[in-house]
Amino acid sequence: MKIAQVAPLFEAVPPKLYGGTERVIHYLTEELVRRKHEVTLFASGDSVTTAQLIPITHEALRLNPDCIDPLAHCIVQLEKVIRQAKEFDIIHFHTDFLHFPFSSRCDTPCITTLHGRLDLPDLQPLYNEFPRQKVISISNSQRLPLPQANWIGTVYHGLPAGLHPLQEGNGEYLAFIGRISPEKGVDWAIQIAIECNCPIKIAAKIDKVDQHYFEKHIAHLIDHPLVEYVGEINEQEKTSFLGKAKALLFPINWSEPFGLVMIEALSCGTPVIAFKNGSVPEVIDHGITGFVVESIPEAVQAVSRIKQLSRPAIRRVFEERFTAGRMAEDYLRLYIQVLQDSHHFRATSFPAPGRNNLPAGAEVQLKKE
């Protein structure tokens, strides 16, 4: 199958530091290539991939001080995709809704994975205007604000099975990874750690938009002797950081669409203590892979129960539910579903439909009618 993956330009694929969406696109792209599909990735020029790379910018936009108007580069990307659309069997966008005026008129089937928050009032008229755009959620809870959207499936994120191996959790600290922003709850994570009298290590980035929030509400908290702020970390550092932790704290106070760091922790066998918001109940099996709580006192109590959980059992759940192989299989099924529904293509052979029996080299041969 000839597949186009269209990535945001703000981070490289994969990102050098923070960037969950681009990381997922990388894992999906590489798994599809491994399965012998012809994949073209439209992304920043500093991306690294075994697929064919169509570079849009020299480097990712977030860390480029010369980038004043990122939208200009996004329009260039869209034009390049438009010019090559007929070369693909399917185009998979990861760029929110910017492409909708194009993809609604494109002969090549298009789908869009929505990676961000959807509870913004501005999105209501947009999705009312584009009711036929095929969209994919990354959790069922993500869909709730937009029931009118044309949802064709939910695909949970996945990681390469060997990326973060099972670890022992012998660091005797709690971990926090994410952005320092109001919705991520780093202040609550610090409060939980202090009430438990347990060290906490914080690996987080601070966006320009959140700099004032950090200085006013968080900076004084990290002066506490139990708190260590380590800044942004890369993928290699993440294995040790999460793997040595007693638990990952995920005290979000918003409807998180997925929360990639949760399954990164599960891959290491590290339990997750998370607030019951957004995707959390879909990702964390309460009492098995962690604890789903609704308050700081409940989180403090959960920390005392960490030793009841089995790290090998947590890792087994990860292998069953959250690998890149499973993610790719789920997306391939949706690709085939969309192609079967299209009047412009007919399938001559398909991968087996079972969840776990899709051969690594299975190919879908397509021809235009």
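Please read all numbers here as calculations on a predicted model, not as lab measurements.

Rules and cut-offs
Residues numbered from 1 in each chain as written. Predicted model: local features only at pLDDT ≥ 70, side-chain atom pairs only at ≥ 80, totals over all residues. Heavy atoms only, no water. Helix = DSSP H or I, 4+ residues; strand = E, 2+ residues; numbered from the N terminus. Rg over C-alpha atoms; globule rule 2.2 N^0.38 Å. Contact = heavy atoms within 4.5 Å. Areas by Shrake-Rupley, 256 points an atom, 1.4 Å probe, with all protein chains shown as cover. Pairing = 2+ DSSP bridges. Axes fitted to C-alpha atoms, helices over the stretch in contact; angles between N-to-C directions. Salt bridge = Lys/Arg side-chain N within 4 Å of Asp/Glu carboxyl O. Buried < 20%, exposed > 50% of the residue type's maximum accessible area, 1.4 Å probe, protein only. Expected span 1.5 Å × (residues − 1). Phe/Tyr/Trp six-rings, centres within 6.5 Å; stacked < 30°, edge-to-face > 60°.

Participant: Got a minute to help me understand the overall build of the protein chain in this structure?
Facilitator: The helix and strand inventory of the protein chain stands at twelve helices and 15 strands. For a compact globule of 369 residues, the expected C-alpha radius of gyration is about 21 Å, and the protein chain comes in at 21 Å, within 12% of that figure. The principal-axis extent of the C-alpha atoms belonging to the protein chain is close to 65 × 45 × 35 Å. When contacts within the protein chain are restricted to residue pairs at least 6 apart in sequence, those whose partners lie at least 24 apart make up 64%. In the structure as shown, the protein chain presents an accessible area of about 16100 Å², 51% of it carried by carbon and sulfur atoms.

Participant: For this particular structure, what's the right way to read the sheet that holds strand E5 (residues 110-113)?
Facilitator: Ordered in space as E3-E2-E1-E4-E5-E6-E7, the seven strands form an open sheet in which the pairing is parallel. Strand pairing shows two members of the sheet lacking a second neighbour, strand E3 (52-55) and strand E7 (150-154), which therefore form its edges. Across the sheet, the axes of successive neighbouring strands diverge by a mean angle of 25 degrees, strand direction being ignored. Contacting strand E1 (2-6), strand E2 (38-43) and strand E4 (90-93), helix H1 (residues 20-34) crosses the sheet at an angle of about 155 degrees to E2. Contacts from helix H2 (residues 70-84) reach E1, E2, E3 and E4, with the element oriented near 155 degrees to E2.

Participant: Is there a simple way to explain the pattern of salt bridges in this structure?
Facilitator: Between side chains of opposite charge, a pair can form when the charged atoms approach closely. Taken as a whole and assessed by the stated rule, the structure comprises 19 salt bridges. Between Lys-16 and Asp-46 there is a salt bridge whose closest N-O contact spans 3.1 Å. Residue Lys-16 is located in the loop between E1 and H1, and its partner Asp-46 is located in the loop between E2 and E3; the two are separated by 30 residues in the primary sequence. On the accessibility criterion, Asp-46 (22% relative accessible area) is partly exposed. Lys-238 is the partner of Glu-264 in a salt bridge, and the nearest nitrogen-oxygen pair spans 3.1 Å. Residue Glu-264 is located in helix H8 (residues 260-268), and its partner Lys-238 is located in helix H7 (residues 235-243); the two are separated by 26 residues in the primary sequence. Note on accessibility: Glu-264 and Lys-238 belong to one class, buried.

Participant: Got a minute to help me understand H1 in this structure?
Facilitator: Along an α-helix, residues three or four apart share an orientation, since each turn contains 3.6 residues. The end-to-end C-alpha distance of H1, which contains 15 residues, comes to 21 Å, matching closely the 21 Å that a straight helix rising 1.5 Å per residue would cover. With eleven of 15 residues buried, H1 lies mostly within the body of the structure. Buried within H1 are the following residues: Glu-22, Arg-23, Val-24, Ile-25, His-26, Tyr-27, Leu-28, Thr-29, Glu-30, Glu-31 and Leu-32. Structurally, H1 contributes buried residues whose contacts are with E1, E2, E4, H7, H8 and helix H12 (324-341). Of the residues flanking the end of H1, it is Lys-36, one or two places downstream, whose phi is positive at about 75 degrees.

Participant: Sorry if this is basic, but what is going on with the packing of aromatic side chains here?
Facilitator: Aromatic ring pairs are defined here through the distance separating the ring centres and the angle between the ring planes. On inspection of all chains with the given rule, the structure shows eleven aromatic pairs. On the basis of an interplanar angle of 90 degrees and a centroid distance of 5.7 Å, the ring pair of Phe-100 and Tyr-127 is categorised as edge-to-face. Placement of the pair is Phe-100 in helix H3 (residues 100-103) and Tyr-127 in helix H4 (residues 123-129), with a sequence separation of 27 residues. A relative accessible area of 0% places Phe-100 in the buried class. The exposure class assigned to Tyr-127 is buried, which follows from its relative accessible area of 2%.

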